[in-house]
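# Analysis of the macromolecular model
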Amino acid sequence: MVWWCDALRFDPLRALLTIPPPAPPPFTIRLDLLTAVLFDFETGGSIPGRDRAIELGMVALENGRITHEWESLFNPGESAVNYYVLKMTGIKMSELRKAPSFDEMAGEIQAFIGHDVLIAHNLAFDKRFLDAEMSYSTGFIPLNPAICSFQLARRLLPNVSARGVEGLCNYFGLETGKRHRALDDTRATALIWQKLLEVAFDHGHENFGQLWEVLGQHLPDAR
């Protein structure tokens, strides 16, 4: 579910008419050969449409390895940025005022994402903001297959209670980088994802379709 408001001037008819055709989900591909983009937003608030993205970090994985990274701050325009967000992230309003708008960077973002599988740690939050920002800037919502690494950890590691980025980094003995900054959190999520794939293999889950089923997603009969 995405919350829309007039601030983003979302036109659902325009979005439906301009959605690019999605690539079929790579159900049969081995997990260690999966091409994916991990991403994380920092935002001015918690409601897509009313609040705007202020930072995005993305990491591309190919054959299990990090190959490319992308990050940018965004000028939120007239949308307010919660003081707590600025304090938590260390981002300054002076930096945001000098940053490009999401609209200006939307083409680069779409090119980076392509048709790859999307992964985020708390996908429900980050995907809503991605959809809101991309629909406003380009008129369409990305239809890429998407996985929540938090929910995957919940299924694969039921006895681990701390499943946030910091908790899983501690569990796996990984470096977290600077918390609450988009690229550092995405890098940490990429490392967590690699560890979760090892756990998935240990449980006999070798391809994307099997992982899809672990998450309770519907798998078409014809794979």
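Here we summarise the structure given alongside this text. Numbers given to residues run from 1 along each chain, matching the order in which its sequence is written. Note on the predicted model: pLDDT of at least 70 is required for a residue's local features to be given, and 80 or more for side-chain atom pairs to be given and counted; whole-chain, interface and lining totals, by contrast, use all residues. For side-chain calculations, the full set of non-hydrogen atoms in the structure is used, while hydrogens and water are omitted.

As a further point, take the overall build of the protein. Each helix and strand counted, the protein has nine helices and five strands in total. Tracing the protein from N to C terminus, the helices and strands come up as α-β-β-β-α-α-α-β-α-β-α-α-α-α. A 1.4 Å probe rolled over the protein chains alone gives each residue an accessible area, and that area as a share of the maximum for its type sets the label: buried under 20%, exposed over 50%, partly exposed in between. The 223 residues of the protein split such that 49% are buried. Only the protein chains shown count as covering a residue, and every accessible area follows the Shrake-Rupley method with a 1.4 Å probe. In the form shown here, the protein has an accessible surface area of approximately 11,100 Å², with 51% of it arising from carbon and sulfur atoms. Helix and strand definitions here come from DSSP, where helices need a minimum of 4 consecutive H or I residues and strands a minimum of 2 consecutive E residues; each element is numbered from the N-terminal end.

Let us look at the pattern of salt bridges. Within this document, salt bridges are pairs made up of a side-chain nitrogen of Lys or Arg and a carboxyl oxygen of Asp or Glu, the two lying within 4 Å of each other. For the structure shown, the criterion picks out 10 salt bridges. A salt bridge links R181 to E55; its shortest N-O distance comes to 2.8 Å. Here R181 is found in the loop between α7 (165–172) and α8 (182–202), whereas its partner E55 is found in strand β2 (residues 53–62), with 126 residues between them in sequence. Assigned by exposure class, R181 and E55 land together as buried. Between D184 and R187 there is a salt bridge, with its nearest N and O atoms 3.2 Å apart. Here D184 and its partner R187 are both found in helix α8, three residues apart, which amounts to about one turn of the helix. Each of R52, D103 and E133 takes part in a single network of salt bridges with overlapping partners.

Here the focus is the layout of surface pockets. Empty space within the largest pocket amounts to approximately 480 Å³. The wall of the largest pocket is formed by 26 residues, among which F41, E42, M88, F125 and H180 lie closest to the centre. Looking at the lining of the largest pocket, the elements with two or more residues in it are β1 (36–43), α2 (83–89), α5 (123–138) and α8. With five residues, the single largest contributor to the lining of the largest pocket is β1. The classification used treats Ala, Val, Leu, Ile, Met, Phe, Trp, Tyr, Cys and Pro as nonpolar, Asp, Glu, Lys and Arg as charged, and all other residues, Gly among them, as polar. Grouping the amino acids of the lining of the largest pocket by side-chain chemistry returns nine nonpolar, 10 polar and seven charged. Grid points spaced at 1 Å over the protein atoms alone were grouped into cavities, where a 1.4 Å probe fits but cannot get out, and pockets, open sets with protein on both sides within 12 Å along at least five of seven lines, with lining residues defined by an atom within 4 Å of a point. Grid points are joined across faces, edges and corners, and a volume is the space filled by probe spheres set on the points.

By secondary structure assignment, the location of A80 is in the loop between β3 (65–73) and α2. Distance from A80 to R50, taken between C-alpha atoms, is 8.9 Å for residues 30 residues apart in sequence. Two residues form a contact once any of their heavy atoms are found within 4.5 Å. In this structure A80 touches G44 and D51, once residues within four positions along its chain are discounted.

Among the eight residues in β1, eight count as buried, and that is most of the element. The alternating pattern of β1 places A36, L38, D40 and E42 and V37, F39, F41 and T43 on opposite faces, both of which are buried. Paired strands, in this sense, are two strands between which DSSP finds at least two bridges. For β1 and β2, the ladder comprises eight bridges, and the chain directions are antiparallel. Its bridge partner being in β2, A36 is matched across the sheet by L61. In this structure, β1 lies alongside strand β4 (residues 117–120), joined through three bridges in parallel fashion.

Here we take up the packing of α7 against α8. Whenever a helix is involved, its axis is fitted only over the stretch in contact; in every case the axis is a line through C-alpha atoms, and angles between N-to-C directions fall within 0 to 180 degrees. Interhelical geometry of α7 versus α8 gives an angle of 55° and a closest axis separation of 10 Å. Compared by their axis directions, α7 and α8 come out oblique. As for the relative orientation of α7 and α8, their crossing is left-handed in sense. On α8, the residues touching V165, L168, C169 and F172 of α7 are A188, T189, I192, K195, L196 and V199. Broken down by class, the residue content of the contact of α7 with α8 amounts to eight nonpolar, one polar and one charged. Reported orientations rely on four angle classes, namely roughly parallel under 35 degrees, roughly antiparallel over 145, roughly perpendicular from 65 to 115, and oblique for the rest. What makes a crossing left-handed is the near helix being turned counterclockwise from the far one by less than a right angle; a clockwise turn instead makes it right-handed.

Read across the sheet, five strands follow the order β3-β2-β1-β4-β5 without closing on themselves; strand pairing throughout is mixed. Sheet topology places β3 and β5 (146–148) at the edges, where each strand pairs with a single neighbour. Strand-to-strand twist of the sheet, defined as the mean angle between neighbouring strand axes without regard to direction, takes the value 20°. Contacting β1, β2, β3 and β4, helix α4 (residues 102–113) crosses the sheet at an angle of about 170° to β3.

Further remarks concern the packing of aromatic side chains. Working definition: an aromatic ring pair is given by the centre-to-centre distance plus the angle between the planes. Stacked, tilted and edge-to-face pairs are distinguished by plane angle, under 30 degrees for stacked and over 60 for edge-to-face with tilted covering the rest, among Phe, Tyr and Trp rings (Trp via its six-membered ring) whose centres lie within 6.5 Å. As enumerated under the stated definition, the model contains eight aromatic pairs in all. Look at F125 and F129: their rings are 5.0 Å apart centre to centre, the planes differ by 45°, and that puts the pair in the tilted class. Separated by four residues within a single helix, F125 and F129 lie in helix α5, roughly one turn from each other. With a relative accessible area of 21%, F125 lands in the partly exposed category. Residue class for F129 comes out buried when judged on its relative accessible area of 0%. Put simply, the rings of F39, F41, F74 and F102 touch in pairs and so form one group of aromatic residues.

Function cannot be inferred from these measures alone, as they are strictly geometric.
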